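Chain by chain, the residues:
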Amino acid sequence: MNLTERAYRELFPESKADYIFRIKYSGRFKDYGANARLTGRVLEAALSRKWLNISEEIQIGLIQELILKLTKRRKDTVNIDLYNSFVKNLHLAIPKTKSDPVLESSFDRVNEQYFLGLVEKPNLKWGGWSSTVFGTYDFKTDTITISQVLKHTKVEYLDYVMFHEVLHKQHKFRKSGSKTYYHDRKFRQAERIFKNAEQLERSLSRVAVRAKLKAMFRKR
């Protein structure tokens, strides 16, 4: 019985579904990436090769979470709890190889002012020219990615977006059944401690509009 079948049988012990269960490890994912798909009778989990060295119990939790998303069902298991605990602590083992002096300065300012300098520095990199998503934090690579649009704006905007992503690194996420909450009530409360947060949020909307207009003119 492979891990996909074990994950499914433990989730739904009473199920009589006649699936063909498959698992494969691929090099096409980012670190610790994975997905699952159901094609006809074939239920396949595809995992990054990074998972090969991780315990089967944690892998089963990952696959169970993927299956629940696929089937749009909600359930909690010990394995899913193990998997989420593993993801929340991945940053401790991930090498920090990506940085940039502008982003590093922003992180240091935010860390000192709002986190007492206690947050471990993640990987830091510039992304594309997105005017809809100014920043992201990837738990599985411990990476904050910032839109290049913010290279050409006031430093307060960069620091505000950096603060938001560092909050994600610090607050992690909360699970409830098959749903993952990244912006819960506690997160929103913490977000408001940034100086002039509401004003900066409104200003960033105008930055987004200007960035979209510039992109339109570049395409002409």
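Above this text you will find the structure in question.
Each chain carries its own residue numbering, running from 1 in the written order of its sequence. Only residues with pLDDT of 70 or above have their local features reported here, since the model is predicted, and side-chain atom pairs are shown and tallied only from 80 upward, although totals for entire chains, interfaces and linings are computed over all residues. Side-chain measures were taken over the full set of non-hydrogen atoms in the model, leaving aside hydrogen atoms and water.

All right, on to the overall build of the chain then. Secondary structure follows DSSP: runs of H or I at least 4 residues long count as helices, runs of E at least 2 residues long count as strands, and numbering of each begins at the N terminus. Within the chain, the regular secondary structure consists of seven helices and eight strands. C-alpha atoms of the chain, sized along the principal axes, occupy 60 × 45 × 35 Å. Burial analysis of the chain (220 residues in total) assigns 45% to the buried set. Here, residues are in contact when the closest pair of their heavy atoms is within 4.5 Å. Put simply, of all contacts in the chain between residues at least 6 apart along the chain, 51% involve residues at least 24 apart. Under this rule, positive means Lys or Arg and negative means Asp or Glu; His and the chain ends count for nothing. Charge positions are represented by NZ for Lys, CZ for Arg, CG for Asp and CD for Glu. Averaging the coordinates of the 43 positive side-chain charges in the chain and doing the same for the 25 negative ones gives two points 7 Å apart. Residue burial is assigned from relative accessible area. The probe radius is 1.4 Å, only protein chains are included, and a residue is buried under 20% of its type maximum, exposed over 50%, and partly exposed in between.

Buried residues of helix H3 (residues 78–88): Asn-79, Ile-80, Tyr-83, Asn-84, Phe-86 and Val-87, and no others. Down the axis of H3, the buried set is contained in an arc of 155 degrees. They therefore lie on one face. By construction, the arc corresponds to the directions joining the helix axis to the C-beta atoms.

Residues of helix H1 (residues 3–11) that are buried include every one of Leu-3, Thr-4, Ala-7, Tyr-8 and Leu-11, and no others. Angularly, the buried residues of H1 cover 135 degrees about the axis, an arc narrow enough to put them on a single face. Contacts made by the buried residues of H1 are with strand S1 (20–26), strand S3 (42–48) and helix H2 (56–71).

Before going further, it helps to spend a moment on the sheet that holds S1. Two strands are said to pair when DSSP picks up at least two bridges between them. Here three strands make up an open sheet; going across it, the order is S1-S3-S2 and the pairing mixed. Of all the strands in the sheet, the pair left with one neighbour each is S1 and strand S2 (34–39). Put simply, the sheet's adjacent strands are angled 15 degrees from each other on average, direction ignored. The sheet strands contacting H1 are S1 and S3, and the helix crosses S1 at an angle near 125 degrees. Every axis corresponds to a line fitted to the C-alpha atoms, with the helix fit spanning only the stretch in contact, and the corresponding angles, defined between N-to-C directions, vary from 0 to 180 degrees.

Before going further, it helps to examine the side chain of Thr-4. Relative to the helices and strands, Thr-4 is located in helix H1. At 2.8 Å, the side chain of Thr-4 and the backbone oxygen of Arg-22 are in polar contact. Sequence-distant contacts of Thr-4, defined by excluding residues within four places in its chain, comprise Phe-21, Arg-22, Ile-23, Leu-43, Ala-45, Ile-63 and Ile-67. For the purposes of these results, a polar contact is taken to be a pair of N or O atoms within 3.5 Å, where, inside protein, one atom must be able to donate a hydrogen and its partner to accept one; residues adjacent in sequence count only when each atom of the pair is a side-chain atom.

Here we take up the nonpolar core. Among the nonpolar cores identified, the biggest contains 59 residues, and Trp-51, Ile-146 and Met-162 are the most heavily contacted of them. Ranked by residue count, the leading element in this core is helix H5 (residues 155–171), at eight residues. When neighbours within four sequence positions are excluded, Ile-146 is seen to be in contact with Leu-103, Lys-125, Trp-126, Gly-127, Phe-134, Gly-135, Leu-158, Val-161 and Met-162. Note on terminology: a nonpolar core comprises buried Ala, Val, Leu, Ile, Met, Phe, Trp, Tyr and Cys residues joined through side-chain atoms within 4.5 Å.

Another point: the packing of aromatic side chains. Side-chain rings of Phe, Tyr and Trp (the six-membered ring for Trp) are treated as a pair once their centres are within 6.5 Å; stacked means planes under 30 degrees apart, edge-to-face means over 60, and tilted covers the remaining angles. Within this structure, the stated rule accounts for 17 aromatic pairs. Measuring from ring centre to ring centre gives 5.3 Å for Tyr-32 and Trp-51, while their planes differ by 85 degrees; the resulting arrangement is edge-to-face. Of this pair, Tyr-32 sits in the loop between S1 and S2 while Trp-51 is found in the loop between S3 and H2, placing the two residues 19 residues apart along the sequence. Consider the rings of Tyr-32 and Phe-86, whose centres lie 5.8 Å apart with planes at 70 degrees: the pair is edge-to-face. Of the two residues, Tyr-32 is situated in the loop between S1 and S2 and Phe-86 in helix H3; the sequence distance between them amounts to 54 residues. The residue whose ring lies beneath Arg-28 is Phe-29, and the NZ or CZ to ring-centre distance is 4.7 Å. Above the plane of the ring of Phe-173 lies Lys-88, whose end atom (NZ or CZ) is 5.1 Å from the centre. Two thresholds decide whether a charge sits over a ring: the Lys NZ or Arg CZ must be within 6 Å of the ring centre and within 35 degrees of the ring normal.

Right, let's talk about the sheet that holds strand S4 (residues 123–126) for a bit. One open sheet accounts for three strands, arranged S4-S6-S5; its pairing is mixed. Strands with a single pairing partner mark the edges of an open sheet, and in this sheet they are S4 and strand S5 (135–138). Within the sheet, the average angular offset between the axes of one strand and its neighbour, ignoring direction, is 15 degrees. Sheet topology places S4 next to strand S6 (residues 143–146); four bridges connect them, and they run parallel. The residue bridging Leu-124 from the neighbouring strand is Ile-144, located in S6.

Don't take any of this as a statement about function, it's just geometry.
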